[in-house]
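Tertiary structure, described
Each chain, written out:
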Amino acid sequence: MDIGGKIRELRNLKGLTQEELADRAELTKGFISQVERNLTSPSIATLMDILQCLGTTAGDFFNEAPEEQIVFGQHDYFEKEDPEYGNLVKWIIPNAQKNGMEPILLTLTPGGSTWPDNPHEGEEFGYIISGSLSIHLGNKVYSAKKGESFYYTADKKHFLTSKNGATLIWVSAPPSF
């Protein structure tokens with residue numbers, strides 16, 4: 001654990017200079033500088049004083065919960081090809097079913113479709129990256145093409161089709177896949 005780096009980060013978050021932290025903890029600016037650069041280690045009592053001046057506890061300071069992943073790349077995607085419906089589904093946010101929404105990258109091959117989805121609670125949104133498609137919602141059919149988006153509540157039977165193929169970002173909330 002980089003104790004000095006964490007102290008520096010907390011000090012900067014609090015908007016304090018090394019001198020201000022040193023004054024509050026009754027230490028020298030040089031000592032704080034050495035601690036932040038990991039050139040010296042504070043005693044436990046001194047560390048507790050520094051943490052108190054920074055408004056945190058030892059428990060919070062030493063808690064090393066893994067940082068949440070924010071950016072995802074292709075190596076994170078999970079893919080499923082569905083030859084029955086002629087589509088390729090890429091879950092672009094791993095484990096998104098635990099979240100309030102689930103975005104996927106959907107590629108419909110020419111003549112392909114999505115599986116018919118029965119009415120359920122929730123809403124769905126899509127943005128067409130390439131191609132065009134038809135949105136079947138209850139008894140109605142809507143058309144959308146590259147650069148357009150769609151949104152509907154999922155309280156009617158619904159599915160997508162594409163005569164010439166399409167790629168889109170599709171978001172379902174709550175996740176229904």
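Residues numbered from 1 in each chain as written. Predicted model: local features only at pLDDT ≥ 70, side-chain atom pairs only at ≥ 80, totals over all residues. Heavy atoms only, no water.

Counting buried positions along strand β2 (residues 87-91) yields 4 of 5 residues, so the element is predominantly enclosed. From the end of strand β1 (residues 78-82) to the start of β2, which pair antiparallel, there are 4 residues, and Gly 86 there has a positive phi angle of about 70 degrees. When β2 meets strand β3 (residues 102-108), the two strands line up antiparallel, connected through 5 bridges. Counted as the bridge partner of Leu 88 is Thr 107 from β3. (Buried < 20%, exposed > 50% of the residue type's maximum accessible area, 1.4 Å probe, protein only. Helix = DSSP H or I, 4+ residues; strand = E, 2+ residues; numbered from the N terminus. Pairing = 2+ DSSP bridges.)

What follows is about the packing of helix α2 (residues 18-25) against helix α3 (residues 29-36). Where α2 contacts α3, the axes come no closer than 8 Å and their chain directions differ by 110 degrees. As far as their axial angle goes, α3 and α2 are roughly perpendicular. Once α2 is placed against α3, the crossing between them reads as right-handed. Taking contact as the criterion, the partners of Gln 18, Glu 19, Leu 21 and Ala 22 in α2 are, on α3, Lys 29, Ile 32, Ser 33 and Glu 36. For the contact of α2 with α3, a count of residues per class yields 3 nonpolar, 2 polar and 3 charged. (Axes fitted to C-alpha atoms, helices over the stretch in contact; angles between N-to-C directions. Parallel < 35°, antiparallel > 145°, perpendicular 65-115°, else oblique. Left-handed = near helix turned anticlockwise from the far one by under 90°. Contact = heavy atoms within 4.5 Å. Nonpolar A, V, L, I, M, F, W, Y, C, P; charged D, E, K, R; others polar.)

Looking at the element boundaries, Ser 113 is found in the loop between β3 and β4 (123-137). Not counting the four nearest positions on each side in its chain, Ser 113 is found in contact with Tyr 85, Gly 86, Asn 87, Leu 108, Leu 160 and Thr 161.

Here we take up the environment of Glu 121. If you trace the backbone, Glu 121 turns up in the loop between β3 and β4. Placed 33 residues apart in sequence, Glu 121 and Ala 154 show a C-alpha to C-alpha distance of 6.1 Å.

Tallied over the full model, the rule gives 4 aromatic pairs. Between Phe 61 and Phe 62 the ring centres are 5.0 Å apart and the planes differ by 90 degrees, which places this aromatic pair in the edge-to-face class. The exposure class of Phe 61 is buried, given its relative accessible area of 1%. Residue class for Phe 62 comes out partly exposed when judged on its relative accessible area of 36%. Positioned over the ring face of Phe 61 is Lys 6, at 5.0 Å from the centre of the ring. (Phe/Tyr/Trp six-rings, centres within 6.5 Å; stacked < 30°, edge-to-face > 60°. Lys NZ or Arg CZ within 6 Å of the ring centre and 35° of its normal.)

A few words now on the side chain of Lys 90. With respect to the secondary-structure elements, Lys 90 resides in strand β2. Setting aside its immediate chain neighbours within four residues, Lys 90 contacts Gln 74, Tyr 77, Phe 78, Glu 79, Ile 104 and Leu 105.

On to the pattern of salt bridges. On inspection of all chains with the given rule, the structure shows 5 salt bridges. Notably, a salt bridge pairs Lys 90 with Glu 79, separated by 3.6 Å at the nearest N-O pair. Residue Lys 90 is found in strand β2, and its partner Glu 79 is found in strand β1; the two are separated by 11 residues along the sequence. By relative accessible area, Glu 79 is classed as partly exposed at 47%. In this structure, a network of salt bridges that share partners links the residues Arg 8, Arg 11 and Glu 36. (Salt bridge = Lys/Arg side-chain N within 4 Å of Asp/Glu carboxyl O.)

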